[in-house]
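A closer look at the structure
Here's the letter readout for the chains.
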Amino acid sequence: RSYPTNLIDKDWSKRKITHKNVNIQEFLDVVHDMEFREDDVWIVTLPKCGTTWMQELLWLLLNDCDFEGALSRDQELRSPFLEFKFYITQDVEESLKPVQELQSPRLIKSHLALPLLPSKLWLGTNKVIYVFRNPLDAWVSLYYHGVTTGPNYGKTLEQYMDEQVSSQEYVTEVIDHAYEFYQLRKEPWVFYTSFERMKKDLRGVINDVSTFLNKSVNEEQMERLLKHLSFEEMKKNPTTNHLWERAQHSHTTHKDAGKEKHNFVRRGKVNGYKDELKPEQIEKVNVWIEQSLKENSVTMEELL
Ligand code: A3P
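Residues numbered from 1 in each chain as written. Predicted model: local features only at pLDDT ≥ 70, side-chain atom pairs only at ≥ 80, totals over all residues.

In the nomenclature of an unreviewed UniProt entry, the protein is known as Sulfotransferase 1E1-like of Drosophila kikkawai. Entered under Sequence similarities (unreviewed entry) in the UniProt record, the comment concerning the protein runs "Belongs to the sulfotransferase 1 family." (UniProt positions renumbered as here; feature names shortened; annotations may be inferred.)

What about the packing of helix α12 (residues 202-212) against helix α13 (residues 219-228)?
Two elements in contact, α12 and α13, have axes separated by 11 Å at closest approach and are oriented at 120°. Overall, the two elements α12 and α13 adopt an arrangement that is oblique. Where α12 crosses over α13, the two elements pack in a sense that is right-handed. For the pair formed by α12 and α13, the contact residues are Leu-202, Arg-203 and Ile-206 on the first element and Met-222, Leu-225 and Leu-226 on the second. Per-class residue counts for the contact of α12 with α13 are 5 nonpolar, no polar and 1 charged. (Axes fitted to C-alpha atoms, helices over the stretch in contact; angles between N-to-C directions. Helix = DSSP H or I, 4+ residues; strand = E, 2+ residues; numbered from the N terminus. Parallel < 35°, antiparallel > 145°, perpendicular 65-115°, else oblique. Left-handed = near helix turned anticlockwise from the far one by under 90°. Contact = placed C-beta atoms within 7 Å. Nonpolar A, V, L, I, M, F, W, Y, C, P; charged D, E, K, R; others polar.)

A closer look at the environment of Leu-157
For Leu-157, the position within the fold is in helix α9 (residues 157-166). For Leu-157, a count of 18 C-beta atoms within 10 Å gives the class partly exposed. C-alpha separation for the pair Leu-157 and Gln-281, spaced 124 residues apart in sequence, amounts to 10.0 Å. Setting aside residues no more than four positions away along its own chain, Leu-157 makes contact with Val-140, Tyr-143, Glu-276 and Leu-277. (Buried ≥ 20, exposed ≤ 12 C-beta atoms within 10 Å, placed from the backbone.)

Describing the pairing of strand β4 (residues 107-110)
On β4, burial covers both faces: Leu-107 and Lys-109 on one face and Ile-108 and Ser-110 on the other are all buried. Inspection of the sheet shows strand β3 (residues 41-45) paired to β4 by 4 bridges, in the parallel sense. Pairing of Trp-42 across the sheet is with Ile-108, part of β4. (Pairing = 2+ DSSP bridges.)

Focus: the site of the ligand
Within the structure, the ligand sits among 20 residues, and Thr-51, Thr-52, Ser-141, Arg-266 and Gly-268 are positioned closest to it. Only α2 (51-62), α8 (135-149) and α14 (231-236) provide two or more residues apiece to the shell around the ligand. (Near = placed C-beta within 6 Å.)

Quick look at unusual backbone geometry
A cis geometry characterises the amide bond from Ser-104 onward to Pro-105, with omega recorded as -5°. Residue placement: Pro-105 occurs in the loop between α7 (97-100) and β4. Notably, Gln-90 is not glycine yet its phi reads approximately 55°, a positive angle. Summarising the element assignment, Gln-90 is placed in the loop between α5 (84-89) and α6 (92-95). Even without a glycine there, the phi angle at Asn-214 is positive, about 55°. Position of Asn-214 relative to the elements: it lies in the loop between α12 and α13. Asn-214 sits in the exposed class, given 8 other C-beta atoms within 10 Å.

See the structure below:
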């Protein structure tokens with residue numbers, strides 16, 4: 001894998017990468033060599049960290065605040081999720097087609113860790129936006145997502161949290177995943193932010209991201225953006241509620257998946273985990289988080 005070893009200190013070449021027990025090595029090799037267009041923009045996150053929220057902002061900035069266009073097509077069609085088709089079909093050839101067939105400017109979403117992203121990113125000519133979120137809120141959110149789409153159907157939140165801290169799945173590499181981008185946050189091609197910051201100061205994030213993308217936003221557009229991106233509007237917007245994903249999952253997962261429905265744009269809270277988890281459970285996860293922070297020599301305050 002071609003990445004600067006001074007920036008990526010884990011030896012990824014020795015790792016066997018699996019997702020949902022599927023070996024994705026062949027797919028990753030294709031991703032590694034993927035061709036870019038000069039105006040491609042990437043959004044990289046772990047699931048449930050505010051991807052869709054940031055993606056909607058980015059798509060609008062890249063498309064001259066075309067609100068009508070945004071409301072008329074599902075977000076997944078406007079900005080595809082790089083790995084999704086592979087996870088569903090395991091067909092390496094087919095998997096990149098949604099991205100390859102997309103009109104420019106392309107906004108590409110991925111949950112892959114930095115060393116697994118295309119090697120051309122390291123040229124620094126394409127921009128990458130990274131969004132972090134407190135893992136406790138992200139995992140609670142992921143639990144409800146999995147209840148609706150299938151894998152967590154019939155599981156309690158408590159069972160799920162226990163599984164997360166002992167799991168080897170990539171979604172639990174939260175701190176490692178974020179820290180690699182955090183280290184690059186001053187690179188001109190990287191914009192690092194968090195769900196928490198978006199909640200605290202969405203206007204500030206919009207201003208900063210638009211500067212990063214060399215886009216200008218006038219006051220009228222800013223007001224429309226703030227409204228379009230508000231929790232209330234995104235909750236009722238059919239194009240930002242991952243209806244595409246439910247349809248795709250329905251034949252691949254639990255037969256009762258979808259019976260218990262949680263809206264994709266669900267609560268949108270910071271520290272919402274505090275009213276969903278028992279103190280002992282929070283403590284267990286916090287011990288795990290602290291360990292991972294220590295291994296990376298970073299604090300939660302810095303990452304947020
Ligand atoms: P919750 O389940 O905690 O509510 P992702 O897009 O990365 O999967 O992230 C989904 C999370 O972002 C969900 O968190 C969802 O509610 C939240 N979210 C999406 N749009 C939002 C918005 N406009 N304001 C606040 N939170 C939002």
